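One letter stands for each residue in the lines below.
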Amino acid sequence: MKKTWIKANATYTMVGSGHEKGLRRNFTNVVEDVSDEQLTKFGAVLADLSGDSFEKVVVNNATIIAE
C-alpha cells in the first residue's frame, strides 16, 4: 500500500464575549509536516489579534491509499 498526502486543513475554535460556545476559524492548505507546536503558536497569535481565547485546533488530513 502506498499513501500519498493531498492536503490538510486546520479549524481553530476561539471563545470570547458574544460567542461563549466557540467561533470556528478555518485555514486551508496547511503544509504536510506542520508540528503541534506550530499549530498551537498560531492559535496563540489568533488569540492575541482577536482578543478571544484559543480553545482547540482540529486538523483534517486528506490522503490517498492505493496499491
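Going by the structure above, here's the rest.
Residues numbered from 1 in each chain as written. Predicted model: local features only at pLDDT ≥ 70, side-chain atom pairs only at ≥ 80, totals over all residues. Heavy atoms only, no water.

A. Molecular detail of a nonpolar patch on the surface. Residues Phe42, Val45 and Leu49 make up a contiguous nonpolar surface patch of roughly 290 Å² in combined accessible area. Among the structural elements, valine 45 can be located in helix α1 (residues 36-50). (Patch = residues over 30% accessible without salt bridge, like charges linked within 9 Å, V, L, I, M, F, W, Y side chains within 5 Å. Areas by Shrake-Rupley, 256 points an atom, 1.4 Å probe, with all protein chains shown as cover. Salt bridge = Lys/Arg side-chain N within 4 Å of Asp/Glu carboxyl O. Helix = DSSP H or I, 4+ residues; strand = E, 2+ residues; numbered from the N terminus.)

B. Fine view of the pattern of salt bridges. Counted by the stated rule, this structure contains 2 salt bridges. Close ionic contact of aspartate 52 with arginine 25 constitutes a salt bridge, the shortest N to O distance being 3.8 Å. Of this pair, aspartate 52 sits in the loop between α1 and β3 (53-66) while arginine 25 sits in strand β2 (residues 19-27), placing them 27 residues apart in sequence.

C. Broad picture of the side chain of threonine 13. With respect to the secondary-structure elements, threonine 13 resides in strand β1 (residues 2-16). Discounting chain neighbours no more than four positions away, the residues touching threonine 13 are Gly22, Leu23, Arg24, Ser53, Phe54, Glu55 and Lys56. (Contact = heavy atoms within 4.5 Å.)

D. Local environment of α1. Spanning 15 residues, α1 covers 21 Å between terminal C-alpha atoms, matching the ideal 21 Å at 1.5 Å per step. Residues of α1 that are buried in the fold lie against β1, β2 and β3. (Expected span 1.5 Å × (residues − 1).)

E. Structural context of the sheet that holds β1. Within the open sheet, the 3 strands sit side by side as β2-β1-β3. Their pairing is antiparallel. Single-partner strands in this sheet number two, and they are β2 and β3. Averaged over all pairs of adjacent strands, the angle between their axes in this sheet comes to 25°, without regard to strand direction. Direction of pairing for β1 relative to β3: antiparallel, over a ladder of 13 bridges. The residue bridging valine 15 from the neighbouring strand is serine 53, located in β3. Its contacts with the sheet put α1 on β1, β2 and β3, and the angle it makes with β1 is roughly 30°. (Pairing = 2+ DSSP bridges. Axes fitted to C-alpha atoms, helices over the stretch in contact; angles between N-to-C directions.)

Purely spatial values, then, with no claim about function.
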